[in-house]
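So the chains spell out like this:
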Amino acid sequence: MSDASVAHSGEDRELTDGFHLVIDALKLNGVKTIYNVPGIPITDLGRMAQAAGIRVISFRHEQHAGNAAAIAGYLTKQPGICLTVSAPGFLNGLTALANATTNCFPMILISGSSEREIVDLQQGDYEEMDQLAIAKPLCKAAFRILHAADIGIGIARAIRAAVSGRPGGVYLDLPAKLFSQVMDAEQGAKSLVKVIDAAPAQIPAAASIKRALDVLKSAQRPLVILGKGAAYAQVDASIREFIETSGVPFLQMSMAKGLLPDTHPQSAGAARSTVLKESDVVMLIGARLNWLLSHGKGKTWGDAPKKFIQIDIEPKEMDSNVEIVAPVVGDIGSCVTAFLQGMGTNWPKPPAAWMDMVAAKRDENIAKMAPRLMNNKSPMDFHGALGVLRSVIKDHPDMILVNEGANTLDLARGVIDMYQPRKRLDVGTWGVMGIGMGFSIAAAIETGKPVLAVEGDSAFGFSGMEVETICRYNLPICIVVFNNNGIYRGTDVNTNGTDPATTVFVKDSRYDLMMQAFGGVGVTATSPSELLTAVKAAIESGQPTLINAVIDPSSGTESGRIGNLNPQSVVKKK
Ligand code: ADP
Ligand code: TPW
Ligand code: MG
């Protein structure tokens, strides 16, 4: 309740204002943390929110505050809140908002904005920009609040839009004038709205469940693919029960890894290309048939005819790339519960020939990989370094792994087994660089668990300044920079002039000193055994740590595992 009051027609009326109403509305709806960069007109909003008991984490750049909010949304199913200043701060946050929308992460970007009257007449206000119009095509919904009395309903709309149906990013525009608008405190309190059942269950049609189970039962070589929508749903036990009752081999998309342990006997992770090619029925649960699954067609999927079953909350996702013979529209919790009911206790297991084939291929691939992960070369290759990190996650399965880069990403995804749901956070649907420190900070704040950030040296550079934020809040984050002197490899040479090649960085950079600059622990590791010692010390101490892991600059490949998407010139100039 506001403590402001003025004498009005002879009586003392308690007043409130836009600042207080925004904070009261957020608190009423359970917002505990705001990820922010201060400045006009929202500096006081951050201060007052902190004073009111909301945790306000201040970043060095809005993109990372935005990425933090987005992943907080993914981890908690509550919209993560990012707060920025007008025009440039807003635009910096917008990349994260668009990325959140693309990945189906619920977040709200709240940006202050300039005087409407001046912006709309384009008269050159301080940080003038029509932010609402710019945000609209890049998010699920965009709203502006002009009157203090609408703050309650405006924030309620933003929350519901972010988390209901397919989750995503919402933009909320708060013009500077709104914050100092004054209204009667009692009426202000009444105007607030606590959102009831923000993401209501969406029950699938019974006929769609039956159709899907009939197709699954008819399969000779069934496969389930679990995506990050399934991890987001937080119905881990039901999904496990469904997989085990069905007996079907499963693949987990990058951020779904660990929903079931990657070491589960039905996991086909190490036989990925075989199961994609050979399967005859594929059931997608919270995974889209986008580029990450080669759009459901082409060489990756082989010649065997496929039938697709898809479970998703978004009806428009069905038939997006190929025909879906059994669409099931609903929230994953409700859908999986309905499947379990429909399957009963005597569900037939898939043919043994298929299970044996998948297991044989998986075991063969795992055996082939094992010696590469045990090498102790110095400088390290990717496998030697990742072998160590794989053992760290095995020993600390509740650590959160954040991962970005090209080789550093693709190889870590394949090598590091995950054992628990929502512990692997990465570049997601866009393959975007720059999520590293924002995701790490929010993961540490939201879960209280230690974080291991495995970062390509290029990838790290996109958000590297946030190591100061990590030190300022003293977060248990251990960053391992895979330093191969550049993007993909550090060996490119410019054949025309003295400038460095476009993909290389300063040779033998000391990223560890960046962490030392802010009082954290910085170490260089040149061998797998040094790397292991350094990571163990970081976990033991819980101190912000950056390990500069020296990787052989010639050991990576162009674009990591997605070189096929990289166009190359076929014209040779004389
Ligand atoms: P991945 O990258 O792991 O393959 P995607 O991001 O492509 O996953 O797909 C996630 C899908 O999950 C989206 O289509 C989204 O609509 C869906 N989804 C998200 N949350 C739920 C939910 N609670 N219930 C059903 N579907 C969901
Ligand atoms: C916002 C393009 C994809 S991967 C990558 C870039 C620049 C960096 C790869 O080098 P790194 O990893 O991190 O050192 P490694 O192990 O292979 O050496 N800008 C954005 N997003 C993307 N994806 C790019 C550029 C890119
Ligand atoms: Mg690199």
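Residues numbered from 1 in each chain as written. Chains lettered and ligands numbered in written order. Predicted model: local features only at pLDDT ≥ 70, side-chain atom pairs only at ≥ 80, totals over all residues. Heavy atoms only, no water.

*Asks:* Would you explain the domain arrangement of the protein in this entry?
*Replies:* The extent of an interface is frequently quoted as the accessible surface area lost upon association of the parts. Examined at the domain level, the protein breaks down into domain 1 (6-191), domain 2 (206-359) and domain 3 (374-563). Here domain 1 and domain 2 have C-alpha centroids that lie 39 Å from each other. Each side of the interface is counted separately: domain 1 has 14 residues, and domain 2 has eleven residues. Of all residues in domain 1, Y74, K77 and R166 bury the most surface against domain 2, accounting for 61% of the area lost on that side. The partner of E317 in a salt bridge is R166, and the shortest N-O contact between them spans 2.8 Å. (Domains from an automatic or database assignment. Contact = heavy atoms within 4.5 Å. Buried area = accessible area lost by both parts, 1.4 Å probe. Salt bridge = Lys/Arg side-chain N within 4 Å of Asp/Glu carboxyl O.)

*Asks:* In this structure, what is going on with the coordination of the magnesium ion (ligand 3)? I would like to understand it.
*Replies:* The textbook angles at a metal center are 109.5 degrees for a tetrahedron of four donors and 90 or 180 degrees for an octahedron of six. With distances of 2.0 to 2.1 Å, the protein atoms coordinating the magnesium ion (ligand 3) are D457 (OD), N484 (OD1) and G486 (O). Along the chain, the residues donating to the magnesium ion (ligand 3) fall in the pattern D-x26-N-x1-G. (Donors = N, O, S within 2.8 Å, 3.2 Å for Na, K, Ca; no water.)

*Asks:* For this particular structure, what's the right way to read helix 2 (residues 43-51)?
*Replies:* Two residues of an α-helix separated by three or four positions point the same way, owing to the 3.6 residues in each turn. When we look at burial in helix 2, the residues that qualify are L45, G46 and A49. The buried residues of helix 2 occupy an angular sector of 100 degrees when projected down its axis, which confines them to one face. In helix 2, those exposed residues whose orientation departs by more than 90 degrees from the buried face are R47 and A51. If you follow the buried residues of helix 2, they end up packed against helix 1 (18-28), strand 3 (33-36), strand 4 (55-58), strand 5 (80-84) and helix 8 (176-180). (Buried < 20%, exposed > 50% of the residue type's maximum accessible area, 1.4 Å probe, protein only. Helix = DSSP H or I, 4+ residues; strand = E, 2+ residues; numbered from the N terminus. Arc of directions from axis to C-beta.)

*Asks:* What should I look at first to understand the site of ligand 1 in this one?
*Replies:* Residues in contact with ligand 1 amount to 20 residues; listed here are only the nearest, R166, K228, R288, D312 and I332. R166 places a polar side-chain atom, nitrogen or oxygen, 2.8 Å from an oxygen atom of ligand 1. In the environment of ligand 1, an oxygen atom lies 2.8 Å from a nitrogen or oxygen atom belonging to the side chain of R288. Counting residues per element, the shell around ligand 1 draws most heavily on helix 11 (residues 228-232), at three residues. Taken domain by domain, the shell around ligand 1 gets at least three of its residues from each of domain 1 (6-191) and domain 2 (206-359). (Near = heavy atom within 4 Å. Polar contact = N/O pair within 3.5 Å; in protein donor to acceptor, adjacent residues only side chain to side chain.)

*Asks:* Before we go on, may I ask you to explain the site of ligand 2 in this structure?
*Replies:* Taken together, 17 residues surround ligand 2, and among them N407, T408, G431, D457 and N484 come closest. In the environment of ligand 2, a nitrogen atom lies 2.8 Å from a nitrogen or oxygen atom belonging to the backbone of G431. Burial of ligand 2 by the protein chains amounts to 76% of its free accessible area of 590 Å². At the level of secondary structure, the elements contributing two or more residues to the shell around ligand 2 comprise helix 17 (407-415) and helix 19 (457-461). With three residues, the top contributor of residues to the shell around ligand 2 is helix 19. A per-class count over the shell around ligand 2 returns eight nonpolar, eight polar and one charged. (Areas by Shrake-Rupley, 256 points an atom, 1.4 Å probe, with all protein chains shown as cover. Nonpolar A, V, L, I, M, F, W, Y, C, P; charged D, E, K, R; others polar.)

*Asks:* Got a minute to help me understand the pattern of salt bridges in this structure?
*Replies:* Pairs can form between side chains of opposite charge whenever their charged atoms are close. If you walk through the whole model with that rule in mind, you get 25 salt bridges. Between D130 and R144 there is a salt bridge, with its nearest N and O atoms 3.5 Å apart. In this pair, D130 is assigned in the loop between helix 5 (116-120) and helix 6 (131-135) and R144 in strand 7 (residues 141-144), connecting sequence segments 14 residues apart. Note on D130: relative accessible area 35%, which makes it partly exposed. Where K316 meets E314, a salt bridge forms, and the shortest distance between an N and an O atom there is 3.4 Å. E314 gets classed as buried once you look at its relative accessible area, which sits at 16%. One continuous salt-bridge network, built from bridges that share partners, spans R60, E468 and R472.

*Asks:* Just checking my understanding: could you explain the sheet that holds strand 8 (residues 169-175) for this structure?
*Replies:* By definition, the strands of a sheet pair up through backbone hydrogen bonds, in either a parallel or an antiparallel sense. Pairing within the open sheet is parallel, and its six strands lie in the order 4-3-5-6-8-7. A single partner strand is all that each edge strand has here, and the edge strands are strand 4 and strand 7. When the angles between neighbouring strand axes are averaged without regard to direction, this sheet yields 20 degrees. In the sheet, strand 6 (residues 107-113) pairs with strand 8 via seven bridges, with the strands oriented parallel. Across the sheet, residue G112 finds its bridge partner in strand 8, namely L174. Sheet strands in contact with helix 3 (residues 62-76) are strand 3, strand 5 and strand 6, and its direction is about 165 degrees off that of strand 5. On the sheet, helix 4 (residues 87-103) packs against strand 5, strand 6 and strand 8 and is oriented at approximately 160 degrees with respect to strand 6. (Pairing = 2+ DSSP bridges. Axes fitted to C-alpha atoms, helices over the stretch in contact; angles between N-to-C directions.)

*Asks:* I tried to follow the pairing of strand 19 (residues 521-525) on my own but got confused; where do I start?
*Replies:* Remark: a regular strand shows side chains that alternate across the two faces of the sheet. Pairing of strand 19 with strand 20 (residues 545-550), which is carried by five bridges, proceeds in the parallel orientation. Residue pairing across strands places T524 opposite N548, the latter belonging to strand 20. Crossover handedness for the path strand 19 to helix 22 (residues 528-541) to strand 20: right-handed. (Right-handed = clockwise from strand over helix to strand, strands pointing away.)

*Asks:* Explain the packing of aromatic side chains here, please?
*Replies:* For any pair of aromatic rings, the description consists of the separation of the ring centres together with the inter-plane angle of the planes. Scanning the entire structure with this criterion turns up nine aromatic pairs. Connected via pairs of aromatic rings, a cluster forms that spans Y74, F105 and Y232. (Phe/Tyr/Trp six-rings, centres within 6.5 Å; stacked < 30°, edge-to-face > 60°.)

*Asks:* What is the right way to read a nonpolar patch on the surface from this model?
*Replies:* On the surface, W291, I562 and L565 cluster together to form a nonpolar patch covering roughly 260 Å² of accessible area. Checked against the element boundaries, L565 lands in the segment after strand 20. (Patch = residues over 30% accessible without salt bridge, like charges linked within 9 Å, V, L, I, M, F, W, Y side chains within 5 Å.)

*Asks:* Could you clarify how one ought to interpret the sheet that holds strand 19 in this entry?
*Replies:* The strand order across the open sheet built from six strands is 16-15-17-18-20-19, with neighbouring strands paired in parallel fashion. Both outer strands of the open sheet, strand 16 (424-426) and strand 19, are each paired with one neighbouring strand and no more. Direction aside, the axes of adjacent strands within the sheet are offset by 15 degrees on average. Relative to the sheet, helix 17 contacts strand 15 (400-404), strand 16, strand 17 (451-456) and strand 18 (477-483), its axis offset from that of strand 15 by approximately 140 degrees. Along the sheet face, helix 22 touches strand 17, strand 18, strand 19 and strand 20 and points at about 170 degrees away from the line of strand 20.

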